[in-house]
Amino acid sequence: MTEYFELLAEGHRDTILLTAAGYFALMGVYSLIYMYRISKWPSVIGKLHEESVHGWGGGSHDGTNYRAKVLYSYSVDGVPYENNRINVWHVQVSYNLRALLKWQFRYIDHHDNSGVTVFYHPRKPQKAYLVVPGWKQMALVFMMSFGPVALNLSAL
């Protein structure tokens with residue numbers, strides 16, 4: 001093990017690639033487990049108060065960043081909560097990609113009278129999302145994690 005760290009400290013190319021592959025694999029497995037657990041959270045019907053695309057920074061279109069903004073309230077076991085998370089992805093984009101943010105809203109399960117399905121953590125109900133990860137999102141994380149692993153290992 002000491003030799004491994006010595007090679008890493010010296011900047012040995014194969015050791016760096018192997019370390020990067022291990023890091024991507026570890027983060028991928030962690031993310032997939034996290035996403036799978038969230039996909040099993042219970043849900044309640046909440047009330048959507050705000051759904052918009054919010055811009056900040058810069059003074060012109062090309063200097064402004066945008067993100068989706070929501071505000072919703074819900075109740076678990078009679079205790080009221082408010083939250084602003086849409087899903088596990090934290091997406092911020094430039095002016096030209098604002099449509100991607102509106103695309104996130106399509107996956108919110110809407111009900112009558114501004115009601116929405118809210119998925120909450122069973123032991124920490126204050127933590128919630130409007131959209132939980134599905135198999136497509138998990139497949140994307142798998143490809144983003146293990147694609148670089150395969151490339152790094154093929155370069156050895």
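For the structure, see preceding data.
Note that the structure is predicted; figures quoted are calculated from it, not measured.

Rules and cut-offs
Residues numbered from 1 in each chain as written. Predicted model: local features only at pLDDT ≥ 70, side-chain atom pairs only at ≥ 80, totals over all residues. Heavy atoms only, no water. Buried < 20%, exposed > 50% of the residue type's maximum accessible area, 1.4 Å probe, protein only. Helix = DSSP H or I, 4+ residues; strand = E, 2+ residues; numbered from the N terminus. Pairing = 2+ DSSP bridges. Phe/Tyr/Trp six-rings, centres within 6.5 Å; stacked < 30°, edge-to-face > 60°. Lys NZ or Arg CZ within 6 Å of the ring centre and 35° of its normal. Expected span 1.5 Å × (residues − 1).

A. How the structure looks around the pairing of strand S4 (residues 115-120). Among the six residues of S4, six are classified as buried, and the element is accordingly described as predominantly covered. Burial along S4 is two-sided: Gly115, Thr117 and Phe119 and Val116, Val118 and Tyr120, pointing in opposite directions, are all buried. When strand S1 (residues 43-56) meets S4, the two strands line up antiparallel, connected through five bridges. The partner of lysine 47 across the bridge, within S4, is glycine 115. Bridge count for S4 against strand S5 (residues 128-129) is two bridges, and the pairing is antiparallel. Among the inter-strand pairings, tyrosine 120 is bridged to a residue of S5, identified as alanine 128.

B. Here's a closer look at the packing of aromatic side chains. Per the stated rule, a full pass over the model turns up seven aromatic pairs. Here the aromatic rings of tyrosine 74 and tyrosine 81 are separated by 5.5 Å at their centres, their planes lie at 25 degrees, and the arrangement is stacked. By the burial criterion, tyrosine 74 is buried, and tyrosine 81 matches it. Each member of the aromatic cluster is reached from another via a ring pair, and the members are Tyr72, Tyr74 and Tyr81. The ring of tyrosine 66 is capped by arginine 98, whose NZ or CZ atom sits 5.6 Å from the centre of that ring.

C. Focus on helix H2 (residues 13-39). Taking 1.5 Å of rise per residue, the 27 residues of H2 would be expected to cover 39 Å, and the 39 Å separating its terminal C-alpha atoms lies within 8% of that figure. Among the residues of H2, those classed as buried are Thr15, Leu17, Ala21, Ala25, Gly28, Met35 and Ile38.

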